[in-house]
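Secondary and tertiary structure notes
Take a look at the letters that make up each chain.
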Amino acid sequence: MPPEYRIKFLPIDRTYPAEKGDNLLETAMQAGVHINASCGGRGVCGKCRVRIAGGSVGSLPNPLLSGNDWAMGFRLACTSTITEDVVVEIPFESQVDRSILTRSAILSDLGSSAANEALAVRYGLDPLVARYYCELPKPDIDDNIPDAARCARALSAKADCGEPMFPLGVLRDLGMNIREADWNVTLDVAPDTCEITRVTAGNRQSAHYAVAVDIGTTTVSAELIDCRALSAGSMVLASSTDYNGQISYGEDVISRIMYCRKRRGLAKLHDIVVSTTRRLISDIVRDAKIDIKDITHIVIAGNTTMMHFFYGIDPKYIMLAPYIPAATAFSPSGPESLPLMPGLDARVYSIPGISSYVGGDIVSGVALSGMADRSGITLFMDIGTNGEIVLGNCEWLLCSSCSAGPAFEGGGITFGMLAAPGAIEKIHINPFTLEPMILTVGRARPLGICGSGLIDLVAELFMARVIDRNGKFSLEKQGPRLRRGENGMEYVLCFASETGIERDIVLNEIDLDNIMRTKAAVYAGCTVLLKSGGIEFTDLDSVIIAGGFGHSIDIEKAIIIGLLPQLPVENFRFMGNTSLGGARIAAVSREFYTKTADIARAMTNIELSGNTQFMNEFMAAMFLPHTDDRAFPEVIKMLGNR
Amino acid sequence: MAFEIPRVKYTGRIREVVIGSGPGAVKVGGADCYPFYRFEGEMPNPPRVAFEVWDSEPQEWQEWAIEPFRDVIGDPVMWAKKCIETYRAELIVLQLKSADPNGDNRPVEEVAEVVKKVSDAIQVPLLVWGTGSDDKDADLLRRIAELSEGKNIAVGPVSDKNYKQIGAMAIGYNQVVMASSPIDVNLAKQLNILLTNLGVNEDKILIDPTTGGLGYGLEYTYSVMERDRMAALTQEDAKLQFPIICNSAPEVWKTREARLTKDDDPRLGDEKKRSVLMEAVTAMTLLVAGADIVVMRHPDSVSLIKDMIGELCA
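Residues numbered from 1 in each chain as written. Chains lettered and ligands numbered in written order. Predicted model: local features only at pLDDT ≥ 70, side-chain atom pairs only at ≥ 80, totals over all residues.

Points about the overall build of chain A
Keep this limit in mind: The helix and strand labels rest on DSSP assignments: H or I over at least four residues marks a helix, E over at least two residues marks a strand, and numbering proceeds from the N terminus. This radius of gyration counts C-alpha atoms alone. The globule rule is 2.2 Å times how many residues there are, raised to the power 0.38. Residues with at least 20 neighbouring C-beta atoms inside 10 Å of their own are called buried, those with 12 or fewer are called exposed, and the rest are partly exposed, where every C-beta is derived from the backbone.
Helix and strand content of chain A: 18 helices and 29 strands. In summary, chain A has a C-alpha radius of gyration of 27 Å against a globular reference of 26 Å for 642 residues, a match within 12%. Referenced to the eigenvectors of the C-alpha coordinate spread, the extents of chain A come out at roughly 95 × 60 × 50 Å. Each of the 642 residues in chain A was classed as buried or not, and the buried ones make up 51%.

Section: the overall build of chain B
Put simply, the rule is: Each residue is represented by a C-beta atom placed from its backbone, and any two residues with such atoms within 7 Å are regarded as in contact.
Secondary structure summary: chain B contains 10 helices and 10 strands in total. In terms of C-alpha radius of gyration, chain B reaches 19 Å, essentially the compact-globule figure of 20 Å for 314 residues. Taking the principal axes of the C-alpha coordinates as reference, chain B spans close to 65 × 50 × 35 Å. Sorting the 314 residues of chain B into buried and exposed places 50% on the buried side. Long-range pairs, those at least 24 residues apart, make up 68% of the contacts in chain B with a sequence separation of at least 6.

Concerning the interface of chain B and chain A
Often the size quoted for an interface is simply the accessible area lost on bringing the parts together. Selection rule: Amino acids are sorted into nonpolar (Ala, Val, Leu, Ile, Met, Phe, Trp, Tyr, Cys and Pro), charged (Asp, Glu, Lys and Arg) and polar (every other residue, Gly among them).
At the interface, 10 residues of chain B touch eight residues of chain A. Sort the elements by how many residues they give to the side of chain B that touches chain A and helix α6 (residues 185-198) of chain B lands first, with seven residues. By residue class, the composition of the side of chain B that touches chain A is three nonpolar, three polar and four charged.

Structural notes on the pairing of strand β28 (residues 572-576) of chain A
Residue and element names in this part refer to chain A. Quick reminder of the rule: Only strands joined by at least two bridges in the DSSP assignment are considered to pair.
Among the five residues of β28, four are classified as buried, and the element is accordingly described as predominantly covered. As paired strands, strand β26 (residues 542-547) and β28 are joined by four bridges and run parallel to one another. Paired with Val 543 across the two strands is Phe 572, which belongs to β28.

A look at the pairing of strand β16 (residues 347-350) of chain A
What counts here: We call a crossover right-handed when, viewed with the strands running away from us, the connection from the first strand over the helix to the second turns clockwise.
The alternating pattern of β16 of chain A places Arg 347 and Tyr 349 of chain A and Val 348 and Ser 350 of chain A on opposite faces, both of which are buried. Since strand β15 (residues 295-302) of chain A and β16 of chain A lie parallel, the crossover through helix α10 (residues 304-311) of chain A that links them has a hand, and here it is right-handed.

Focus on the sheet that holds strand β21 (residues 436-440) of chain A
Residue and element names in this part refer to chain A. Operational definition: To define axes, lines are fitted to C-alpha atoms, for helices over the stretch in contact only, and angles between the resulting N-to-C directions are given on a 0 to 180 degree scale.
Taking strand neighbours across the sheet as the criterion, the three strands line up as β21-β20-β22 in an open arrangement whose pairing is mixed. Each of the sheet's edge strands pairs with one partner strand only, and the pair in question is β21 and β22 (448-449). Lying over the sheet, helix α1 (residues 24-31) contacts β20 (423-429) and β21, oriented at roughly 120° with respect to β21. Where helix α12 (residues 451-463) meets the sheet, it contacts β20 and β22, and its direction lies at approximately 20° from that of β20.

Regarding the sheet that holds strand β10 (residues 293-296) of chain B
All names here are of chain B. With respect to topology, eight strands assemble into an open sheet ordered β8-β7-β6-β5-β4-β3-β10-β9, the strand pairing being parallel. Strand pairing shows two members of the sheet lacking a second neighbour, β8 (205-208) and β9 (245-246), which therefore form its edges. Bridging between strand β3 (residues 48-54) and β10 involves four bridges; their strand directions are parallel. Residue pairing in the sheet places Ala 50 in a bridge with Val 295 of β10.

Remarks on the nonpolar core
Stated formally: Only buried Ala, Val, Leu, Ile, Met, Phe, Trp, Tyr and Cys residues enter a nonpolar core, and they are joined through C-beta atoms within 7 Å.
Membership of the largest hydrophobic core comes to 188 residues, with the highest contact counts inside it found for Ala 210, Val 299 and Ile 449 of chain A. For this core, the leading source of residues is helix α13 (residues 509-532) of chain A, giving 12 residues. Every residue in contact with Val 299 of chain A, bar those within four places of it in the chain, is listed here: Leu 128, Ala 210, Ala 212, Tyr 349, Ile 351, Ala 583, Ala 586 and Ala 587 of chain A. Ala 112, Ile 122, Val 176 and Leu 191 of chain B belong to the second largest nonpolar core, which has 93 residues in total.

A word on the domain arrangement of chain A
Note the following rule: How far each domain reaches was decided by an automatic or database domain assignment.
As assigned here, chain A comprises domain 1 (4-100), domain 2 (130-201), domain 3 (361-406 + 524-637) and domain 4 (407-515). Distance from the C-alpha centre of domain 1 of chain A to the C-alpha centre of domain 4 of chain A: 24 Å.

A few points about the environment of Ser 350 of chain A
All names here are of chain A. Here Ser 350 shows up in strand β16. C-beta crowding within 10 Å serves as the criterion here: with 28 such atoms nearby, Ser 350 is assigned to the buried category. Spatially, the C-alpha atom of Ser 350 lies 34 Å from that of Glu 536, the residues being 186 residues apart in sequence.

Quick word on the confidence of the model for chain B
Heads up, the rule is: pLDDT gives the predictor's per-residue confidence on a scale running from 0 to 100.
Looking at chain B as a whole, its pLDDT mean stands at 95, while 100% of the residues score no less than 70. Here the predicted complex carries an ipTM of 0.83, next to a pTM of 0.81.

A word on the environment of Ile 73 of chain B
Residue and element names in this part refer to chain B. Looking at the element boundaries, Ile 73 is found in the loop between α1 (63-66) and α2 (76-85). Taking C-alpha positions, Ile 73 is 8.5 Å from Val 53, a pair spaced 20 residues apart along the chain. In contact with Ile 73, other than residues within four places in its own chain, are Glu 57, Pro 58, Ile 66 and Trp 79.

What to know about the confidence of the model for chain A
Segments scoring low in pLDDT should not have their predicted coordinates read at a detailed level. Residue and element names in this part refer to chain A. Residues of chain A with pLDDT of at least 70 account for 93%, and the chain-wide mean is 87. Here strand β8 (residues 106-108) is the element of chain A with the lowest mean pLDDT, 53, and β15 is the one with the highest, 96. pLDDT under 50 marks residues 95-105. Its contacts with residues more than four places away, or in other chains, come to 26 contacts.

A look at helix α5 (residues 163-172) of chain B
All names here are of chain B. Note the following rule: Arc definition: directions from the helix axis to the C-beta atoms.
Taken together, the buried positions of α5 are Tyr 163, Ile 166, Gly 167, Met 169 and Ala 170. Projection of α5 onto a plane perpendicular to its axis shows the buried side chains occupying an angular sector of 165°, all on one side. Residues of α5 that are buried make contact with α4 (134-147), β6 (154-158), β7 (176-180) and α6. Two residues or fewer past α5, Asn 174 is found with a positive phi of approximately 60°.

With respect to helix α5 (residues 147-156) of chain A
Residues Arg 150, Cys 151, Ala 152 and Leu 155 of chain A constitute the buried set of α5 of chain A. Residues of α5 of chain A that are buried in the fold lie against β9 (130-135), β10 (184-190) and β11 (195-201) of chain A.

Thoughts on the packing of helix α9 (residues 271-289) of chain B against helix α10 (residues 299-312) of chain B
Residue and element names in this part refer to chain B. Formally: Handedness of each helix crossing follows the sense of rotation of the near helix against the far helix: counterclockwise by less than a right angle gives left-handed, clockwise gives right-handed.
Two elements in contact, α9 and α10, have axes separated by 8 Å at closest approach and are oriented at 35°. α9 and α10 meet at a crossing whose hand is right-handed. When α9 is examined against α10, the residues Val 276, Glu 279, Ala 280, Ala 283, Met 284 and Leu 287 are found in contact with a partner set consisting of Asp 300, Ser 301, Leu 304, Ile 305, Met 308 and Ile 309. Here the contact of α9 with α10 is built from residues that sort into nine nonpolar, one polar and two charged.

Considering unusual backbone geometry
A cis geometry characterises the amide bond from Ala 321 of chain A onward to Pro 322 of chain A, with omega recorded as 0°. Tracing the chain through its elements places Pro 322 of chain A in the loop between α10 and β16. Cis geometry is found at the peptide bond from Gly 156 of chain B to Pro 157 of chain B, where omega equals -5°. Mapped onto the secondary structure, Pro 157 of chain B falls in strand β6. At Lys 289 of chain A, a residue that is not glycine, the phi angle is positive and equals roughly 55°.

Put into structure tokens, the structure is as follows:
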């Protein structure tokens, strides 16, 4: 453990622990101390001036601080790091009020490598495609069995994989390959089909990789996984995320399926999603500096429609009542049926799904969450373009999908973006001056707002009475940051000069409407699913939140806006992209992959489209925090006190 | 064991709202049971009928609708007086049709002057019904609330778009607001929360659930009102415990079936009898669903409804 220091903030007299190298502005945010900051922590706006009244911090002179200021101990909090115990005085202009965040309830993504390894160990490390090095005895007149049988014989000494066969594509060059390798070869074996999928010269056992891919409607993410022993360090060697290139053909699955009806539409959408995947794989291969030939397999998790596109299957019946997909499980395939990219002849596996609107991405997340192993009841929410919700325990599982919209992934929001560098991920707003305190991912110049930032922003504006309970801008509050724009009223979070996009970053009425609809759909979906199971929110042991919000989520603020039910903070867990996480574990653990199929079989789908109860709950949830005050007593109490 | 009639378990009560001032003031609401379920609870204030009066001479009324008011129809003050003196109206709803921005679009001051004249001339409570245009009503009803200080009139429809402007003036001049939402329980409740958060007193709110005429969506209104009342009386939903007003007359009288004459289609029978019955059946249905005030046009249908209320409350 690095030594812990005590940071004392004046004049509110609050002490908070920090570690060496921690950023002072972040520490203040965690401690719930408001310091104005609008450049995202880059040392550009100069608003986060603080005076070091005791001790010292690591800080570089900044043109925004005069020599005199510097001598008096003024520093910019965002560019200061903790080196020892320190007393920080926040001057009036940076503080303005003594606002304190009520309580810190920020949960970070639990997809850490330690958790991964623990899970992989529990299920047993046994990659879907195994790699064996074999020194084949050279054939002679007495030992004259065929090349293929020779490989199989050598393999049987090392692993139990029955009578392995070669796909034709591998067999055609086998003779030449093993002789060129001088009979020392690495064999990639897929035990599920008992196939030798590749023969490589020399010993390649030390380089054995897999790729996990999450294909979302809005974003696609890929990770390079090290399949070797866990002691090798981090399981994830590189990762990359990008918008799904299909976005230009419609933001939601329905408009994409519509596009498929055009001539060559399906081929086009297939090509696009494959090329997005290809680009991500190229990125991670380059970042990790590995040979693409050492990737033995790929595990894909995606929603049902995306899987149809990925495999080039016509999804048109998904959108026609009664909404039937061609398949929700897909057999493993090799490059001969699914050529992804040159040099990559990995086997492609996918996590099975349940229905048209609850796909393998959810099964993957549920498996990762471990909820199907526990007796306590868990509510699992994946908030992506669709909000998928799973309720249950080790005995039963109910699932449902509500069309939430991509707001929390940055879609349909004027300045929305993914949680990439430059995305505003944490926001606090002074309720009197309406001056914001923001932090960006990577502390880069602000480019936009990601999901966690949007949750913070709406909650803060609501608590500051800038937004009414019906999610509309109140006309009472005035200030330089509130103005009438092209799309009605808007709040200016960052002025152009502080951003990396040379435009003011704002939240307008249309954005607010979209966020309201998304949060209402998710909450209404949860309510209906719980009622279907005869369960109250208070019966829940835990609530797991997954999705591409950002790297963390402030549970309390998500409750304030009514996205999450009002339950004790300790009941919530935030797991980030669980679809990708499940694919990651499946890549290295056959048993986990089998588990996903068990989970898919165990889930009962509750259809929400055309469900009148859902529409009623949706209207009730289109309010802050909710039309039913009794569901959010603490928030209502806070509203009374504000 | 003797048979016992099962009883609904009520936990709430509708708030009482007073409209008007002086001896003519009318109190509505106060029930702690479903409409006319007087064997299960109390209905201290019987439902009321409000006669409608237009702020300018109607151009498209049926001959048989004009007939009872022919002598006064061009003068809102005389018209209101006739409703009270001849037809014993207990409440008057003044429909501000001429202010409609999609119609004559008469300016705020002119229309407000008409309202003032009517309110000064009558002793019974006045309810003022705007145009349904959020922006126009915001200006118009604010001005009317101000000009009618001390009269405790009701102004509406107040929507989630203009509740702040109208609500603030209603608080300032102590008037009643009619909170209007489009046939949805949650939206009705949300608007009531917004109004009370704004500071509107809880005994100054009437719910307008939006009314459809017979054959034109009445069943939707009915279901929503039924659910409003279930939430208010059996689920302790305090934000729905307000009396309900249904502005039904214009909805009934504009329908095709209320316009066709016997000559147009002999199968439909006598036009006057038919329209009167349509209006009465609409009002009766709304009352059974939970309306505390129904807005009506024809004295004959009013008389039928008053008989019905009288019998059910006897």
